[in-house]
Amino acid sequence: MTMRVALFATCLADQFFAEACADAVRLLRHLGVDVDFPERQTCCGQPAFNAGYKAEAARMAAHTLSVFEDAEYVVLPSGSCAGMIRSYYSEISDEGPALDLGKRTFELSQFLVHVLNVETLGRGLSGKTVAYHHGCHALRELGVDSEPIALLSGAGAQVVPWEADKECCGFGGLFSAKLPEVSAAMADRKLDTLPNVDFVTSGDGGCLLQLSGRSQRRRVGASGVTTPFRHIASALWEGVG
Amino acid sequence: MSRVNPGAYRAASARTIQNEPGVRDSVGSATRTFDANRVRAFGQIDSERWRDWARDVKTHALTNLDRYLEEAEMRLLANGAHVHWAESADDALRVLADVVARHDIRSAVKGKSMLTEELGVNDHLEQLGVRVRETDLGEYIIQLLGEPPSHIVGPAIHKSLDDCRRLFHAHLGTAPDATPETLAAAARDALRQDFLAADLGISGGNFLAADTGTVALIENEGNIRLSTSLPRVHVAFVGIEKIVPRLEDLSGLLQLTARAATGQPIGNFVSLIQGPKTNEEVDGPEEVHVVLVDNGRTELLADDVAWEALRCVRCGACLNICPVYRQTGGHAYGWTYSGPIGAIIAPGMLGLAKALPLPHASSLCGACVDVCPVRIPIPDLLLHWREQAVEEGLTTTAETIGLKAFTALAERPDAFSAAGALLRWTPWSAAGRSLPILGGWLQERSAPHPSQKSFRRLWEEGIE
Ligand code: SF4
């Protein structure tokens, strides 16, 4: 029997990383998974929750719970939104169903390694040098640490050590707009320590927008192009070869 | 109190980042060194179990606060110390003024203490005509500069070695390129005179053991030992949350605090003070006053979520790991306690309206959760204050309307995706700058590019 996965694209990736979401679908299908996209999905509620709007977050959680009620697995191209569902839904909605959904919910690389038991995808990243940014919630809420790195290296990439790889990029949802100066200084620390690589990748679109947006702003007027920032779903799909 | 203005956090942090890049460099490298030392020191013990234990001891003490405080008072009195209860900063300062008047105090030496900073002890003493000298090297540096501490453990970590060279050259006549050892020796010489002249010694208290009435003090330079033993009179200001049940508890707490703070197995000096010198003793003060200070702490204790912050042992580990703190150091936070711990106790101690936006000065990255020796769930407490701010209507109208509208859309998938399509029509770089949320984003970053088509569209069209 084929495994069925419901993709939760997440509101940010749906709009800003649509191709990466499509690559996630291609990747999952390539691995023999039947992918579904429940159409009523919207936002997991994290932006409201983190800003202190608990009632609003609870409404979005209730909506999301109903959307994915019957899904065998829910896979997200975002460690942060997966972390929201896993760690906080039980606080703001019906505990039983929330915990149940939490158990079925995975960030993409986590799903590949822990559920599909993928060891190697292919050799599509041979000869590429890559820096991996650990999204804070993937790392600290989900415990996703070696998984993406193993998948990238398994596909032939050389994952270059990055001094600040586990430090926050400064995105933090509304934080980046409320305190833009501090947020940008945090991104600068990441960019100042970034090794010379073919591309930077991460499992969270928010972090990628923050880092690439800041990187472009810093280069305005200066010569040269910025290091490309790519979503891990696209990097891994390329890894299949 | 020297200055309480958390409300200016955004402007102050922006100013530091833009105008004083040296601060970010000094704070960044000092905090990374502190943290690397902590990692090593935690690695040498079963830190997970120690932290569970420390959390439980402090929680137990806080849930029986009244009982243990009374026990401590009884013991201290029996030991011959004076005990004062201070509900507010003013109460605490009044105790000090009485001591100064009764003993005709002219000069005082002081060991590093955040509580005395919180209370504004130095300013008050100067108003009373008492010359007060900070004797911790870092505190001495910032006293010469006329600045408040910028870190709980390293008050002068925002200063570089060159800053100190210039300062000591001007004040103490050291060579412009003096080595750190020479600078320390010069400070020691200058301070010796102050120690000998002082008739009052002032300290804080890291812990107060109830069973024996013992004030415990941790330090590395020996200046607290001197400040509390040379002068005739010693006044210790101790926050009521510093209580622990037994002297025995100190053995673990002193070690864990030192490991978390500086990576040392224990501080170079630990002083355990139970009262004035006895008849058989040669050294020590004739009079010891212990001032038990509330100043907002019982209000924090009454909050059914945020009370956990009172377990804090002020080790500074959460500051050291915090990527937000690292960009500015502590001054931007606008009051005594900065970094993650400052952001979670400010609303309880100062009132939420006054403390904003400190609970927002975090990306909720969670790095502090892994380091706190007493396991304070800092991100949860930040969220708690943010929720409180929403409930009390302390948010901006634009934000509230924005989030409510977003939520209403998120419950109606068709409308949500229609609204998403509008992103492609958003005037990202031009008009966007004047919008509340987008404007903040665009100020520091290039405009993000929405995908040509949303994933939903790609899905509908079919993915190959
Ligand atoms: S909150 Fe925890 S880590 Fe931060 S200063 Fe207090 S005890 Fe140390």
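Since we're looking at a predicted model, the values are computed, not measured.

Caption draft 1: Quick peek at the overall build of chain A. When you go through chain A residue by residue, the secondary structure sums to 13 helices and 8 strands. The C-alpha atoms of chain A give 17 Å as radius of gyration, which agrees with the globular expectation for 241 residues (18 Å, within 12%). Taken over 241 residues, chain A has a buried fraction of 66%. Nonlocal contacts in chain A, meaning residues at least 24 apart in sequence, comprise 79% of its contacts between residues at least 6 apart. By element, 48% of the accessible surface of chain A is carried by carbon and sulfur atoms, the whole surface being about 8300 Å². Computing the positive centroid from 21 side-chain charges and the negative centroid from 28, chain A places the two 5 Å apart.

Caption draft 2: Geometry of the sheet that holds strand E1 (residues 4-7) of chain A. Residues and elements named next belong to chain A. Here 4 strands make up an open sheet; going across it, the order is E2-E1-E3-E4 and the pairing parallel. At either margin of the open sheet sits one strand with a lone partner, and together these are strand E2 (34-36) and strand E4 (105-107). Across this sheet, the average inter-strand angle for adjacent strands is 35°, counted without regard to direction. In terms of strand pairing, E1 meets E2 through 3 bridges, oriented parallel. Bridge pairing links Ala6 to Asp36 in E2.

Caption draft 3: Region of interest: the interface of chain B and chain A. Residue-level contacts link 64 residues of chain B with 64 residues of chain A. Across the chain B/chain A interface, buried area totals approximately 5700 Å², and carbon plus sulfur atoms make up 60% of it. The largest per-residue losses of area from chain B upon contact with chain A belong to Arg445(B), Phe455(B) and Trp459(B), which jointly make up 12% of the total buried on that side. For the pair chain B and chain A, the interface holds 9 salt bridges. In this structure, Lys178(A) engages Glu399(B) in a salt bridge whose closest nitrogen and oxygen atoms are separated by 2.5 Å. Taken together, the connections running from chain B to chain A amount to 32 residue pairs in polar contact (both at pLDDT 80 or more). Those elements giving two or more residues to the side of chain B that touches chain A turn out to be helix H1 (9-19), helix H2 (21-43), helix H15 (325-328), helix H18 (378-391), helix H19 (397-410), helix H20 (413-422), helix H21 (436-444) and helix H22 (455-461) of chain B. Broken down by element, the side of chain B that touches chain A gets its largest block of residues, 8 residues, from H19(B). Looking at the side of chain B that touches chain A residue by residue, the class counts come to 29 nonpolar, 17 polar and 18 charged.

Caption draft 4: Up close: the nonpolar core. Of all hydrophobic cores here, the largest spans 131 residues; its most connected members are Tyr89(A) and Ile344(B). A total of 7 residues in this core trace back to one element, the largest contributor, which is helix H5 (residues 79-92) of chain A. Leu28(A), Phe106(A), Leu209(A) and Ile232(A) belong to the second largest nonpolar core, which has 62 residues in total.

Caption draft 5: Structural view of the side chain of Ser227(B). Residue and element names in this part refer to chain B. Tracing the backbone through its elements, the reader meets Ser227 in helix H11 (residues 223-229). Note on Ser227: relative accessible area 1%, which makes it buried. At a separation of 3.4 Å, a polar atom in the side chain of Ser227 contacts the side chain of Thr135.

Caption draft 6: Region of the structure containing the environment of Ala317(B). Residues and elements named next belong to chain B. Residue placement: Ala317 occurs in helix H14 (residues 317-321). On the basis of relative accessibility, which here comes to 1%, the residue Ala317 falls in the buried class. Through-space distance from the C-alpha of Ala317 to that of Thr262 is 8.4 Å; in sequence the pair is 55 residues apart.

Caption draft 7: Structural view of the pairing of strand E3 (residues 73-76) of chain A. Residues and elements named next belong to chain A. As judged from the 3 bridges shared by E1 and E3, these two strands associate in the parallel manner. Bridging from a neighbouring strand, Ala6 pairs with Val74 of E3. Summarising the sheet, E3 and E4 pair through 3 bridges and their orientation is parallel. Bridging from a neighbouring strand, Val75 pairs with Phe106 of E4.

Caption draft 8: Quick peek at the site of the ligand. What surrounds the ligand is the set Cys312(B), Val313(B), Arg314(B), Cys315(B), Gly316(B), Ala317(B), Cys318(B), Ile341(B), Cys372(B), Pro373(B), Val374(B) and Ile376(B). Counted by class, the shell around the ligand contains 10 nonpolar, 1 polar and 1 charged residues.

Caption draft 9: Local environment of the domain arrangement of chain A. Residues and elements named next belong to chain A. Each assigned domain of chain A is listed here: domain 1 (4-114) and domain 2 (129-240). Each of domain 1 and domain 2 was reduced to a C-alpha centroid, and the two centroids are 21 Å apart. The interface of domain 1 with domain 2 comprises 30 residues on the first partner and 22 residues on the second. Interface area for domain 1 against domain 2, summed over the two sides, is near 2100 Å², with a carbon-plus-sulfur share of 71%. Across the domain 1-domain 2 interface, the total number found is 0 salt bridges. Of all the secondary-structure elements, those providing two or more residues to the side of domain 1 that touches domain 2 are helix H1 (11-16), helix H2 (18-30), helix H3 (46-50), H5 and helix H7 (108-114). By residue number, the principal contributor to the side of domain 1 that touches domain 2 is H5, which donates 8 residues.

Cut-offs applied
All residue numbers refer to position in the chain's written sequence, counted from 1. Whichever chain is written first is A, and whichever ligand is written first is 1; the rest continue in order. Owing to the predicted nature of the model, reporting of local features is limited to residues with pLDDT of at least 70; listing and counting of side-chain atom pairs is limited to 80 or more, with chain, interface and lining totals taken over all residues. Side-chain measures here rest on the full set of heavy atoms in the structure, leaving out hydrogens and waters. Runs of E in the DSSP output that reach at least two residues are strands. Runs of H or I that reach at least four are helices, and both are numbered from the N terminus. In this setup the radius of gyration rests on C-alpha atoms only. A globule is expected at 2.2 Å times the number of residues raised to 0.38. A 1.4 Å probe rolled over the protein chains alone gives each residue an accessible area, and that area as a share of the maximum for its type sets the label: buried under 20%, exposed over 50%, partly exposed in between. Note on contacts: a residue pair qualifies if any of its non-hydrogen atoms lie within 4.5 Å across the two residues. Using a 1.4 Å probe, the Shrake-Rupley method yields the accessible areas, and only the shown protein chains count as cover for residues. We treat Lys and Arg as the positive residues and Asp and Glu as the negative residues; His and chain ends play no part in the count. By convention, charge coordinates are those of NZ in Lys, CZ in Arg, CG in Asp, or CD in Glu. In this scheme, strands are said to pair when DSSP sees at least two bridges between them. For helices, the fitted line uses only the C-alpha atoms of the stretch in contact; every axis is such a line through C-alpha atoms, and the angle between N-to-C directions lies from 0 to 180 degrees. Buried area is a sum: the accessible area each of two parts loses on coming together, probed at 1.4 Å, counted once for each and added. In the sections that follow, a salt bridge refers to a side-chain nitrogen of Lys or Arg positioned within 4 Å of a carboxyl oxygen of Asp or Glu. For the purposes of these results, a polar contact is taken to be a pair of N or O atoms within 3.5 Å, where, inside protein, one atom must be able to donate a hydrogen and its partner to accept one; residues adjacent in sequence count only when each atom of the pair is a side-chain atom. Classification convention: Asp, Glu, Lys, Arg as charged; Ala, Val, Leu, Ile, Met, Phe, Trp, Tyr, Cys, Pro as nonpolar; all other residues, Gly among them, as polar. We call a set of buried residues a nonpolar core when its members are Ala, Val, Leu, Ile, Met, Phe, Trp, Tyr or Cys and they connect through side-chain atoms within 4.5 Å of each other. For each residue, the test is whether any non-hydrogen atom lies within 4 Å of the molecule or strand; if one does, the residue is near. Note that the domain bounds were set by an automatic or database domain assignment.

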